[in-house]
Every structure is written in C-alpha cells, then in structure tokens.
Amino acid sequence: KSKDASGNLAASGDFTFTTAAGGGTEGVIWVNPFNVTATGNSLEKTSGCDGCPAGAQSQQTITSGNGYVEFTIPLTTKRLAAGLSNGNTDNSLADIDFAILINGGGYAVIFENGAYRTETSQAANDVLRVEVLSNQVKYKRNGVTFFTSTKTPSYPLLLDTSFETLGAKLNNALIHIETAPPPDTSPPIRSDGQPTGILPTETTQATLSLTTNENATCKYSTTAGIAYASMPSTFSTTGGTAHATTV
C-alpha cells in the first residue's frame, strides 16, 4: 500500500509509504471615496482643499498569508500616500499601518501609523509595492526592496490611501492575494520494487527497495493486512524518491 500526505491510497503487496504534501492578482475595486474620483482601478483627488486628507480603500482584503498591493505614481509633484492597513478609520496618513508617502519633492517616504522609517528617490511612473510575505512587510520600488519592516501586520489587510494635493493620482492599483495550492489527489507512482517473486524459505533477511515519482515516506509491516496508520516501521532510507530498508 501507499498513501501520500493528502490521503491518496494505492495498493501494494509489499510496501506502504506517504508523500509530502505539497494567488491571484486583480484590479482594486474602490470603496468609501472621499474627495477623490475613481476611474477603474485608478484614483485622483478632484475636490477638497490642498492639504485636506481625501482617499478611498480597496474592497478586497488579504485575510491571511501572503499578498501585496501595487500601484503606479505618474507624478512627482503631488502628495499622496498608499499602503497596507488593517481597516480604515479616516483618510489621514497616520491611519495607514504600512504607507508609502509620495512627498511631492521626488521622494517616496515610508511611514507606519505616522512614524517615519526611511525614504528613497521617486520618479514619474514608478511602480510601488507594499507586500506581506511570511508575516513580514516589505516595500518595493520597481521590483526592488528598499525597506523591510520590523512591525508585525494584523489581518485582514486592505489598500488604504491618503491624498493631500489636488490632482494627486494613483494609477493601476492592484491587489494580489496568495491562495493555498489545491489539494493533492493523485497517488504517487511507484516503480523498481525489489525483491520480486517468492523468496527461498531459508531467507532470514531481505532488503526492500523502490522508487517513487515524488518525495515519499515509506512504511512497512511484517504482518499482512495492516492499515497504513498502524504500520509500526518506517524505511531506514526514505523521504525522497529512493527508498530502502532491511527487514
């Protein structure tokens, strides 16, 4: 018999083993717009005073695990901020947990709930990303990480924004939500099982061996008809695709 980590069972007269077990990106849908105008997944401040916070948030959220928000900033002379946040209370910069502020002077500045962290240069049409990976937040400019946060994020996370200057724009906002891989429902394929046939009656020891097409853990029992979960012994060499043990 053989059973992989997803519980897929294949019968074998001699062996039992188990294999080791083993995202999507979409345009942001804006909600709660205040003094901004959404055009598809882009956003622009179109009303209110200069310096008065405006903004909107993504309808989609990253509920757990890995993901990111990404956006393009077409201008260097307008002030706005965007990033990941656990919900939204208001449209201020301080309300965004992990924000990149475009300061209007050619710099992208990281603030976390209003606390300054670092900054880097910013050019027109830069693509900026705030990413959560293995419970750690990273900031990227044009695909290159320029800061890794020491602050632990709280889920769920959405794209939150804070626009200050009239005419400030954020284009092509995307959210990526990484999903778990589908369950493995295919039993592993075994080959080259040894020994074969009937062993001589005087045999007191034999080496069992086989190969699998994926990493596996092999088990065995010297009693016929034992279920995999109850088999008492594991092959001495196993865990990869080549397995062997002496019994």
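Anyway, here's the lowdown on the structure attached to this text. (Residues numbered from 1 in each chain as written. Predicted model: local features only at pLDDT ≥ 70, side-chain atom pairs only at ≥ 80, totals over all residues. Heavy atoms only, no water.)

**Some thoughts on the state of the cysteines**
Applied cut-off: In this description, a disulfide is simply a cysteine sulfur pair whose atoms lie within 2.5 Å. The buried label goes to any residue with under 20% of its type's maximum accessible area, the exposed label to any with over 50%, and the partly exposed label to all in between, with areas taken from a 1.4 Å probe on protein chains only.
Using the criterion set out here, one finds one disulfide in the structure. A sulfur-sulfur distance of 1.5 Å marks the disulfide that ties Cys49 to Cys52. Relative accessible area serves as the criterion here: at 37%, Cys49 is assigned to the partly exposed category.

**A closer look at unusual backbone geometry**
Put simply, the rule is: What counts as a helix is a DSSP run of H or I of at least four residues, what counts as a strand is a run of E of at least two, and both are numbered from the N terminus.
For the bond running from Tyr155 to Pro156, omega is 0 degrees, close enough to zero to count as cis. One non-glycine residue, Asn135, lies in the positive phi region at around 65 degrees. In this structure, Asn142 is a non-glycine residue whose phi angle is positive, near 50 degrees. The topology assignment puts Asn142 in the loop between strand 15 (136-141) and strand 16 (144-148). The class for Asn142 is partly exposed, based on a relative accessible area of 43%.

**Examining the nonpolar core**
Cut-off, in case you're wondering: To qualify as a nonpolar core, a set must consist of buried Ala, Val, Leu, Ile, Met, Phe, Trp, Tyr and Cys residues joined through side-chain atoms within 4.5 Å. In what follows, residue pairs with any heavy atoms lying within 4.5 Å of each other are defined as contacts.
Residues Trp30, Phe71, Leu84, Val130, Leu159, Phe163 and Leu170 are the most contacted members of the largest nonpolar core, which totals 30 residues. Contributing elements (two or more residues each) for this core: strand 9 (67-73), strand 10 (79-85), strand 11 (98-103), strand 12 (107-112), strand 14 (126-133), strand 15, strand 17 (158-163) and strand 18 (169-177). Apart from the residues within four sequence positions on either side, Val130 is in contact with Tyr68, Val69, Ala82, Gly83, Leu84, Phe98, Ile100, Val137, Lys138 and Tyr139. In terms of nonpolar packing, the next biggest core, distinct from the first, is built from seven residues, Ala81, Leu93, Ala99 and Leu101 among them.

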